Amino acid sequence: MDTLLTAAGVIGLIFLLLGMGTWVFAGLAAVALGSLVWLGGFDLDRAGMILSRILYRAGNAWELSAIPLFILMGELIFRSNISDRLFRGLEPWAQKIPGGILHTNVFGCAIFAAVSGSSAATTATIGKITTHELARRGYDRQLSIGSLAGAGSLGLLIPPSIVMIVYGVQAEVSISQLFMAGVIPGLLIALLYSGYIAALALRRPEKAPRGTAAGLSLLASLACLAPVLLLIALVMGSIYSGIATPSEAAAVGVAATLGLLAAEQQLSLAMFKQALAATLLNATMVCSILVTAALLSTAMGYLHLPRELAGFIAGLELSPALLLVALALFYIVLGLFLDGISITVMSLPITLPIVLQAGFDPVWFGVFLVIMVELGQITPPVGFNLFVLQGLTGEHIGRVAYSALPFFMLMCLAAALVSLYPGLALWLPQWLAG
């Protein structure tokens, strides 16, 4: 019972600080220090020495360098016309499927996710093109918004993924293997979305009126897709071939993006400054949360909280299936209040020892966790994709959330399939590893 009270006290303190509007990184650091002093009986000098060493070590983790580089890559593409060409290139292919160019939301987000790593960047980039075009052609607005909300979250699962980098650093799991593990589940979710759109279009054709393609041949459409496909091949090929680590591959991606934009005369000093400023803001936010989360993990370790909670849950003798259901509900509730990075870094010190003790593969659990975080991106009141779409469409947040509900359920189905068939996540990394 003392363990549960301690855990409840820590969680309550976190929510109290966040509810007061405290910055997440400051709240995590304050909870870590307060837990050691008030709950662990450490004096301030000893607690400060412990946390300062962890702060230095976490802040110098080489894996963190991939985060600002992938963010910069997405910001540069966001400010170019590559995303517009992506839509034009996908349109002739999408027109051949029931649902028409509604599928460009799904295909476009899946492809852009492979060069962005950010859910928000994926949603904003594809959404700024497709929402107006779909409305102009008479497609159902609710289905248009909902499909974009769901597909935009693929930026977290299809590699490279910033959340996977965060998880890999915290869980000390190979980031390359995590990237590989996210490919098939990400494509599975994309197929579920497209299947739902096609089925609905066949049943209610008025929601997705069939039109004609914009005049591009299939061969010409490939030319429009070539830049983004080239970037994907360079980044993911360098990782999966073993030539580069994820951090080095991120640098390759940035260099290739700069070279491509320069060759197409789209790169300017003003654009580069804007991309750097946005990257600095987002990367500082992510990295500061991740570093201070290491402080919280250390504090929880000194309090023996993860070990004791894992023992407590093990004592409940929950079956693996019930444990996963409990964890899924736990993460869905967290997703109502916190962003994905915060969910990951705050929960892992408690949940990771539990799932490892239950015998789950840490790479598989990384994929499961990312799907849970994706669900949080489309659940109110803080689903970030919902706010991005609210800004793009001008719709009320409640209507945007309602539009995303079918895709929320489809993602829950994907989580269930990945849980029932772990090979969906583990087959590719095992096969590539030989």
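Preceding block: the structure.
Just so we're clear, the structure is a prediction, and the values are computed from it rather than from any experiment. (Residues numbered from 1 in each chain as written. Predicted model: local features only at pLDDT ≥ 70, side-chain atom pairs only at ≥ 80, totals over all residues. Heavy atoms only, no water.)

Colleague: Where do I start with the nonpolar core in this structure?
Modeller: A general tendency of soluble globular proteins is for nonpolar side chains to be buried together. Counting 138 residues, the largest nonpolar core has Y167, W364, F365 and I371 as its most contacted members. No other element matches helix α10 (residues 175-203), which puts 12 residues into this core. (Core = buried A, V, L, I, M, F, W, Y, C linked by side-chain atoms within 4.5 Å. Buried < 20%, exposed > 50% of the residue type's maximum accessible area, 1.4 Å probe, protein only. Helix = DSSP H or I, 4+ residues; strand = E, 2+ residues; numbered from the N terminus.)

Colleague: Please clarify how helix α15 (residues 320-335) should be interpreted in this entry.
Modeller: An α-helical turn contains 3.6 residues, so any two residues separated by three or four positions project in the same direction. Taking 1.5 Å as the rise per residue, α15 with 16 residues should run 22 Å; its terminal C-alpha atoms sit 22 Å apart, in good agreement. Within the span of α15, buried status applies to L323, L324, L327, A328, Y331, L334 and G335. Considered in projection along α15, the buried side chains sweep an arc of 135 degrees and stay on one side of the axis. Along α15, exposed side chains directed more than 90 degrees from the buried face belong to A321 and L329. (Expected span 1.5 Å × (residues − 1). Arc of directions from axis to C-beta.)

Colleague: When you look at empty space enclosed by the protein in this model, what are you seeing that I'm missing?
Modeller: Using a probe with the size of a water molecule, rolled over the atoms, empty space left in the structure can be pinpointed. Under the definition given, this model contains two cavities of 30 Å³ or more. Its volume calculated, the second largest cavity comes out at about 40 Å³. S83, L86, F87, L90, T104, G108, I126, I129 and T130 are the residues that line the second largest cavity. Within the residue set of the lining of the second largest cavity, elements represented by two or more residues are α5 (82-94), α6 (103-116) and α7 (119-136). Considering every element that reaches the lining of the second largest cavity, the biggest residue donor is α5, with four residues. When the residues that make up the lining of the second largest cavity are grouped by side-chain class, the tally is five nonpolar, four polar and no charged. (1 Å grid on protein atoms, 1.4 Å probe; cavity = no way out; pocket = protein on both sides within 12 Å on 5 of 7 lines; lining within 4 Å. Points joined across faces, edges and corners; volume = space filled by probe spheres on them. Nonpolar A, V, L, I, M, F, W, Y, C, P; charged D, E, K, R; others polar.)

Colleague: Sorry, what's going on with the pattern of salt bridges here?
Modeller: When the charged atoms of two side chains with opposite charge come close together, those side chains can pair. In total, this model carries seven salt bridges according to the counting rule given. Here E75 ties to R79 by a salt bridge, and the two come within 2.4 Å at their closest N and O atoms. Between R85 and E264 there is a salt bridge, with the nearest N and O atoms lying 2.7 Å from each other. Of this pair, R85 sits in helix α5 while E264 sits in the loop between α12 (246-263) and α13 (269-302), and the two are 179 residues apart along the sequence. A residue is classified by how much of its surface remains accessible, and R85, at 13% relative accessible area, is buried. A relative accessible area of 28% places E264 in the partly exposed class. Overlapping salt bridges, with partners in common, bring together R141, E395 and R399 in one network. (Salt bridge = Lys/Arg side-chain N within 4 Å of Asp/Glu carboxyl O.)

Colleague: Explain the environment of V325 here, please?
Modeller: Tracing the chain through its elements places V325 in helix α15. With 91 residues separating them in the primary sequence, V325 and A416 have C-alpha atoms 9.3 Å apart.

Colleague: Just checking my understanding: could you explain the environment of V418 for this structure?
Modeller: The topology assignment puts V418 in helix α19 (residues 397-420). A residue is classified by how much of its surface remains accessible, and V418, at 1% relative accessible area, is buried. When residues no more than four places from it in sequence are discounted, the contact partners of V418 are P185, W364, V367, I371, L424 and A425. (Contact = heavy atoms within 4.5 Å.)

All we've got here are geometric facts, nothing functional implied.
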